[in-house]
4 protein chains.
Amino acid sequence: MSSVLGDNIRLSVFGESHGEAIGCVIDGLPAGIALDTQKIEKEMKRRAPGKDKTSTPRAEADIPHILSGVLNNVTTGAPLAMIINNTNTKSDDYDNIMAVPRPGHSDYPAYVKYGGKNDVRGGGHFSGRLTAPLVFAGAVAKQILADKGITIGSHILKIGTVCDDEFDKINISKTKLEALTDNFFSVLNPEKEKEMRSVIEEARLKGDSAGGIIECAAIGLPVGLGGNMFDTVESKLASAVFGVPAVKGIQFGAGFKLAEMAGSTANDAYFIKNGRVALKSNNNGGVLGGMATGAPLVFSVVIKPTPSVSVPQQSVNLQTMRDETLIVNGRHDPCIVPRALPVIEGVCAFEILDMMM
Amino acid sequence: MSSVLGDNIRLSVFGESHGEAIGCVIDGLPAGIALDTQKIEKEMKRRAPGKDKTSTPRAEADIPHILSGVLNNVTTGAPLAMIINNTNTKSDDYDNIMAVPRPGHSDYPAYVKYGGKNDVRGGGHFSGRLTAPLVFAGAVAKQILADKGITIGSHILKIGTVCDDEFDKINISKTKLEALTDNFFSVLNPEKEKEMRSVIEEARLKGDSAGGIIECAAIGLPVGLGGNMFDTVESKLASAVFGVPAVKGIQFGAGFKLAEMAGSTANDAYFIKNGRVALKSNNNGGVLGGMATGAPLVFSVVIKPTPSVSVPQQSVNLQTMRDETLIVNGRHDPCIVPRALPVIEGVCAFEILDMMM
Amino acid sequence: MSSVLGDNIRLSVFGESHGEAIGCVIDGLPAGIALDTQKIEKEMKRRAPGKDKTSTPRAEADIPHILSGVLNNVTTGAPLAMIINNTNTKSDDYDNIMAVPRPGHSDYPAYVKYGGKNDVRGGGHFSGRLTAPLVFAGAVAKQILADKGITIGSHILKIGTVCDDEFDKINISKTKLEALTDNFFSVLNPEKEKEMRSVIEEARLKGDSAGGIIECAAIGLPVGLGGNMFDTVESKLASAVFGVPAVKGIQFGAGFKLAEMAGSTANDAYFIKNGRVALKSNNNGGVLGGMATGAPLVFSVVIKPTPSVSVPQQSVNLQTMRDETLIVNGRHDPCIVPRALPVIEGVCAFEILDMMM
Amino acid sequence: MSSVLGDNIRLSVFGESHGEAIGCVIDGLPAGIALDTQKIEKEMKRRAPGKDKTSTPRAEADIPHILSGVLNNVTTGAPLAMIINNTNTKSDDYDNIMAVPRPGHSDYPAYVKYGGKNDVRGGGHFSGRLTAPLVFAGAVAKQILADKGITIGSHILKIGTVCDDEFDKINISKTKLEALTDNFFSVLNPEKEKEMRSVIEEARLKGDSAGGIIECAAIGLPVGLGGNMFDTVESKLASAVFGVPAVKGIQFGAGFKLAEMAGSTANDAYFIKNGRVALKSNNNGGVLGGMATGAPLVFSVVIKPTPSVSVPQQSVNLQTMRDETLIVNGRHDPCIVPRALPVIEGVCAFEILDMMM
């Protein structure tokens, strides 16, 4: 088990959903970086629950408290430790989980792996709540990257069967990306929001949940960033986004559609634009040979419908080893996709920063 | 840049396409493992070029030569070093690449990253030829995993728009997986092979190329294998498969289709079968919370059409900084998907072994 | 910069001497380990300042507060996060340090490395105070190791020119090692304590400081523990102990005396004792080829005299770039050797546990 | 087990003493570095056996053969793979080692660790022969460091009881260090060589062996190089030098003598010299807080007498589990200290380069 991410900067995440606190330590940040606390809190709020009917009514302020590594709002170069106290936990809701694992959750394999000793309350360390430190680390990384001319943003590409427009992969502006981070429910085509919300509300009323796809982009990466073979941009981003609960797939550029393309079409032609090398298309999502090409880095990830649903489900009792119907109580998100936007951006930012160091 | 993979066993890959030799060092293998050389060579042959019209006519025997770590066919516990001499290199074909980067290849970002000092002949260290050591490492890993009851296999799920059947994700037999590795052009539905070959031949005749999707499965993983957050089964496999050139996406279980499912459908219900916990479906691809569930591990990866096409392409001259039309000579694969099967299985095997240690 | 230790379990240390809190995250501990809080606190007290005239009068309770990874005193398998609030900080004492670096301290190279942005108050992240989390991690490791039959202890081998007896390296009992941890000022030959204390008191009265040597032993290591080349027992222990401020040397077994021995004398002969392989001497300190031999692991480390002395010292002003005489105020230890005992034992315990996992 | 060294550049060492070849892969070298093959071979010759009576008569040319990563004598940025074929192996000499472990060697713990499956011929992967790739990697690193103004050299400080002069730690010139590498038997005080050689010859005639101490220095390190806590200059160097067989201790600056010093003496005072910060002494060996101070990096390591002696030794038979007297045949070094000089310099160079990247 490892909750440590990064090669050059190291992010160590800790905490359990219903424990005293969650948090992280970021080791290896450069000294002398001025941190804008408001920007960090803005990112934290994008992920925080309780905003509207698409998310769980559990209210958590999620205000990060920095313990070390920052003096007078400037990084000292020492490890930055941050904690968020858990304030709103209702553990009674989870009393029967130990014996009867929730389908689609980590409960059963965790029970086997930890011999029943892991903290199951609210999912414990496997909880989506642990994405809050990822957003924090991402918010810190974003500020450092902004100084290097790198901007990151994302939108909801799909909820259920409702699709937003895709990014124009070869042409993504800083303004557009920044605007996307201003909305909780961020889409490129504003008409799609209502349709998507209907899908979610329908799921909510049924006690069910909805999944979706997030498309994320980063612009300004220096050409050649990344590595070869196992340190590719794709390897590092994929490794990190699969650390976000509920992610089940990732694709770069045209992704799975590349299977149907001819090589001559899939290849992104070069041309000289204003005296510099540019690309005419971006089917490769801004990465070739594992290195940044200068075109926007574009990838999309699928977020499965949150497994916490209140409809009756077929499960088993691990004590009696008999089949059992499970009805999960507790406060849950009918759709976590909107709240996952800053999380995906966050791990993307962290990994890009890690590659830049 | 890093061509080193693995946390508990370390695979260090070296070589350039037109250099003297390619190879790898595997550090951390257990001592006392009897290696069946024939099985290794069988895997190498699955990847080796020149078998039929779907692959490059460059003929390379690809016979691995072990230098250390094995005595009388048994591992000694010391690092296992292996080299493959390059015998069939025609570097003249590549003379103009330095100045005019091939679209879809690593040429341009590598040129920037290495200041023009990297070996560009045949793609150098970025060549698909470097997947031979991955197959070797995978063949070694497969033998160790077989003793632990783990079997891995894959098939071509898609070439162009032609689709094979998918795995019955909840029910995959060892016999089936082993049979798949006996064919070069392995599919579940034998009627699809001809159609797929037609797509490839059509591309070949045009001097173009075709892409596809590979579906890979592993059975026998112990429940709970894997880790949490950043050491999940998904993170580790994704990190490794993106080390394979041309891979642009990976999805587990139902993958991107999960976006359209309701949580109650996506969740894989449990039941007791012969006194043990079993699953009724496998939309999660055998992984929950980053850990193996006991259901088959199933994932698919998209392989982009090989960027080496002989049709004229728009590029730029990096010396003159002017647009230039590029015609690539050299011997190329119209479709690398069949040859990629043992590569994907290989990195899958290596990563599973790494997690088991 | 990295304050992360360990390959299989990861210890991430954070905090600054005069910041809000110090602490650590331990990632990768097994689940289900019952932790005895009293034993942890006993270890913390061995290191805590203010016990007598040999240490700084700064009083810190150093009570560790566990935030995650432990439920009902049993590890959950999730990262264990711990913080210690800093309660007794007098930063005024350190106002002039930024401009005039203290000789023997990290001040000057840290100033250059961090561009003057690091937290200099009390040494910041470089403070000996950061050894408290090491003692905590070691105390946790010791409890897990005790269940595996491994015991660790140490004594003061030297203060100034006063020498304690050395361990009988081939014959060290569990009882003896445990007894050593009961004393703050632990020596093998009780008559030496008084002499050593005199040396320290003499230094204290002069506003000066004294150094020394600690000899540490661990018994019960399984034969073959450790690795080859760069993962040797010696490499891993050395790497960790040099993470403890003021350590300037480490030697195993007869150490530097081996230079004067003949090979036939230095070699530790084997014999059969009660049907098992045993050694007649232990000049190699329990390690051969980087692996444990079954004899006690014995090493010693030199602790330089603490550089915080109140006698006037020659330094420079980094702003004016002129010579300047420095008089350091603040509360300091005339000798940190006794307080370093649990620190050395702690990193030893952590590294052995890391190798066992 | 791990024969992989380095964080930013990765050195993977392979081979067994009597196998087909030994070698290494260096991953992460910058592209565009011109390598002087003659300088590499000069370093290899310093370590190669058979020069005079102080070393084993086994003759090995030890000519490194580069397989990849270098084109026209310039690094390509791809992994640099190098092999040395073993040409002169007399395995019959080692037939009885499996059953009767040689005292002072890795034989016994390796037998337990690898279940008797490791290659025991000539010590297998534990052989001192595996230091040849370390010298190679060091020679490459030295050339890159030379361009950055860093020079490394060493001398024999002690053989038996005969001591050479110590480095004037605060004042070491590039010329002096380079001159040291021109001699096989390098000392600061030329009168000591004869005495030292007498000690070795005496040991040789008895079939015994002699140990010693090497003092190594590096000048030109940028102030602030290194890290904090566990990535200190000391941690990294110690970790690497303990990867060299027979090293049993390391100390920086005044090392173990610091135990007897007062803090006011041990502290190295600062002063302004030619407008820059300089130090008046160098008891800390050029490292404070784990970072380079600008003073020469100076450390010494003890090399135990080689355990291969031909006098009868007490051992055990692991098959019969009875005591047995062992007489080791084979060609051995009466003293490996002179041959170890380029090895210690090599790992020092590699680690400094790793920290610079």
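Refer to the structure above for everything that follows.
Attention here is on the structure that accompanies the text. Treat the numbers as computed from the prediction; the structure is a model and nothing was measured.

1. Considerations on the overall build of chain A
At step 1: Counting secondary structure elements, chain A contains eight helices and 18 strands.
At step 2: Its C-alpha atoms give chain A a radius of gyration of 21 Å, near enough to 21 Å, the size a compact globule of 357 residues would have.
At step 3: Seen through its C-alpha atoms, chain A measures out along the principal axes to roughly 70 × 50 × 35 Å.
At step 4: A separation of at least 24 residues holds for 73% of the contacts in chain A among residues at least 6 apart in sequence.
At step 5: Accessible surface, chain A: about 11500 Å² in total, of which carbon and sulfur atoms supply 47%.

2. Here we look at the packing of helix α1 (residues 37-47) of chain C against helix α8 (residues 337-356) of chain C
Residues and elements named next belong to chain C.
At step 1: Orientation of α1 relative to α8, taken along the N-to-C sense of each, is 135 degrees, at an axis distance of 7 Å. By the angle between their axes, α1 is oblique relative to α8. On α8, the residues that touch E43, R46 and R47 of α1 are R339, L341, P342, V343 and E345.
At step 2: Classifying every residue of the contact of α1 with α8 gives three nonpolar, no polar and five charged.

3. Some points on the packing of aromatic side chains
At step 1: Across all of its chains, the model carries 18 aromatic pairs over all chains by this definition.
At step 2: Measuring from ring centre to ring centre gives 5.4 Å for Y270 of chain A and Y108 of chain B, while their planes differ by 65 degrees; the resulting arrangement is edge-to-face. Taken as a pair, Y270 of chain A in strand β12 (residues 270-273) and Y108 of chain B in helix α2 (residues 107-114) lie in two separate chains rather than in one.
At step 3: Residue classification places Y108 of chain B among the buried positions, given a relative accessible area of 8%.

4. What to know about the interface of chain D and chain C
At step 1: Contacts between the two partners involve 97 residues from chain D and, on the opposite side, 97 residues from chain C.
At step 2: Carbon and sulfur atoms supply 65% of the area that chain D and chain C bury against each other, a total of about 7500 Å² over both sides.
At step 3: Residue E260 of chain C is joined to K158 of chain D by a salt bridge in which the shortest nitrogen-to-oxygen separation is 2.6 Å.
At step 4: Sorting elements by how many residues they give to the side of chain D that touches chain C places strand β11 (residues 247-252) of chain D first, with six residues.
At step 5: For the side of chain D that touches chain C, the class distribution of residues is 49 nonpolar, 34 polar and 14 charged.

5. Here's the deal with the sheet that holds strand β8 (residues 151-159) of chain C
At step 1: Spatial strand order, β9(C)-β8(C)-β10(C)-β16(C)-β11(C)-β11(D)-β16(D)-β10(D)-β8(D)-β9(D): 10 strands in an open sheet with antiparallel pairing. At either margin of the open sheet sits one strand with a lone partner, and together these are β9 (162-163) of chain C together with β9 (162-163) of chain D.
At step 2: Relative to strand β10 (residues 212-219) of chain D, strand β8 (residues 151-159) of chain D runs antiparallel, the two being bridged by eight bridges. Within β10 of chain D, the residue paired with T151 of chain D across the bridge is I219 of chain D.

6. Remarks on the pattern of salt bridges
At step 1: Under the criterion given, the structure shown has 85 salt bridges over all chains.
At step 2: Notably, a salt bridge pairs D333 of chain A with R339 of chain A, separated by 2.8 Å at the nearest N-O pair. Each member of the pair, D333 of chain A as well as R339 of chain A, is classed as buried.
At step 3: With a shortest N-O distance of 3.4 Å, E215 of chain C and K169 of chain C are connected by a salt bridge. One end of the pair, E215 of chain C, is in strand β10 (residues 212-219); the other, K169 of chain C, is in the loop between β9 and α4 (174-180), with 46 residues separating them in the sequence.
At step 4: For K169 of chain C, a relative accessible area of 13% puts it in the buried group.

7. Examining unusual backbone geometry
At step 1: Even without glycine at this site, N274 of chain B takes up a positive phi of about 55 degrees.
At step 2: Checked against the element boundaries, N274 of chain B lands in the loop between β12 (270-273) and β13 (276-279).
At step 3: The backbone phi angle of N73 of chain D is positive, close to 65 degrees, even though this residue is not glycine.
At step 4: By the element assignment, N73 of chain D lies in the loop between β5 (70-71) and β6 (74-75).

8. Remarks on the side chain of D354 of chain B
Residues and elements named next belong to chain B.
At step 1: Mapped onto the elements of the fold, D354 is located in helix α8 (residues 337-356).
At step 2: Residue classification places D354 among the buried residues on the basis of a relative accessible area of 0%.
At step 3: Setting aside residues up to four positions removed in sequence, D354 forms contacts with G6, D7, N8, I9 and K236.

9. Remarks on the packing of helix α6 (residues 233-241) of chain B against α8 of chain B
Residue and element names in this part refer to chain B.
At step 1: Running from N to C, α6 and α8 point in directions that differ by 140 degrees, and their axes come no closer than 9 Å. In terms of their interaxial angle, α6 and α8 are classed as oblique. Helix-helix and strand crossings are classified by hand; for α6 and α8 the assignment is right-handed. Judged by residue contacts, V233, K236, L237, A240 and V241 of α6 engage V347, C348, E351, D354 and M355 from α8.

10. A closer look at the pairing of strand β7 (residues 80-85) of chain C
All names here are of chain C.
At step 1: By the criterion of burial, β7 is predominantly enclosed, with five of the six residues buried.
At step 2: The pairing of strand β3 (residues 21-27) with β7 spans six bridges and is classified as antiparallel. What sits directly across from C24, in β7, is M82.
At step 3: Pairing analysis gives three bridges linking strand β4 (residues 65-68) to β7, with the strands arranged antiparallel. Opposite S68, over in β7, you have A81 as the bridge partner.

11. Considering the nonpolar core
At step 1: Core analysis: the largest hydrophobic core is formed by 152 residues, its most contacted members being L297, F299 and I352 of chain C together with L297, F299 and I352 of chain D.
At step 2: Apart from residues no more than four positions distant in its own chain, F299 of chain C is found in contact with I214, E215, C216, L237, V241, I250, Q251, F252, I344 and C348 of chain C.
At step 3: Within the second largest apolar cluster, 151 residues are counted, among which are A210 and A340 of chain A together with V162 and L221 of chain B.

12. Observations concerning the relation of the copies chain D and chain C
At step 1: Turning chain D through 180 degrees and shifting it by 0.0 Å along the axis lays it on chain C, with an RMSD of 0.0 Å. The superposition operator between the copies reduces to a two-fold rotation axis.
At step 2: When the interface residues of chain D are mapped onto chain C, 100% of them again fall at the interface, so both copies present the same face.

13. Focus on the sheet that holds strand β2 (residues 10-15) of chain A
Residue and element names in this part refer to chain A.
At step 1: One open sheet accounts for five strands, arranged β1-β2-β3-β7-β4; its pairing is antiparallel. Two strands lie at the open edges of the sheet, namely β1 (4-5) and β4 (65-68), each paired on one side alone.
At step 2: Taken together, the two bridges between β1 and β2 define a ladder with antiparallel strand orientation. Bridging from a neighbouring strand, V4 pairs with S12 of β2.

14. Description of the state of the cysteines
Residue and element names in this part refer to chain A.
At step 1: Overall, the coordinates contain zero disulfides over all chains when judged by the stated rule.
At step 2: The structure places no disulfide on C163, whose sulfur is separated from the nearest cysteine sulfur, that of C335, by 14 Å.
At step 3: The buried category is assigned to C335, whose relative accessible area is 0%.

15. Notes on the pairing of strand β12 (residues 270-273) of chain D
All names here are of chain D.
At step 1: Across the two faces of β12 the burial differs, with Y270 and I272 buried and F271 and K273 not buried at all.
At step 2: The pairing of β12 with strand β13 (residues 276-279) spans four bridges and is classified as antiparallel. Directly across from F271, in β13, lies its bridge partner A278.

Rules behind the numbers
- Residues numbered from 1 in each chain as written.
- Chains lettered and ligands numbered in written order.
- Predicted model: local features only at pLDDT ≥ 70, side-chain atom pairs only at ≥ 80, totals over all residues.
- Heavy atoms only, no water.
- Helix = DSSP H or I, 4+ residues; strand = E, 2+ residues; numbered from the N terminus.
- Rg over C-alpha atoms; globule rule 2.2 N^0.38 Å.
- Contact = heavy atoms within 4.5 Å.
- Areas by Shrake-Rupley, 256 points an atom, 1.4 Å probe, with all protein chains shown as cover.
- Axes fitted to C-alpha atoms, helices over the stretch in contact; angles between N-to-C directions.
- Parallel < 35°, antiparallel > 145°, perpendicular 65-115°, else oblique.
- Nonpolar A, V, L, I, M, F, W, Y, C, P; charged D, E, K, R; others polar.
- Phe/Tyr/Trp six-rings, centres within 6.5 Å; stacked < 30°, edge-to-face > 60°.
- Buried < 20%, exposed > 50% of the residue type's maximum accessible area, 1.4 Å probe, protein only.
- Buried area = accessible area lost by both parts, 1.4 Å probe.
- Salt bridge = Lys/Arg side-chain N within 4 Å of Asp/Glu carboxyl O.
- Pairing = 2+ DSSP bridges.
- Left-handed = near helix turned anticlockwise from the far one by under 90°.
- Core = buried A, V, L, I, M, F, W, Y, C linked by side-chain atoms within 4.5 Å.
- Least-squares fit on C-alpha atoms with pLDDT ≥ 70 in both.
- Disulfide = S-S within 2.5 Å.

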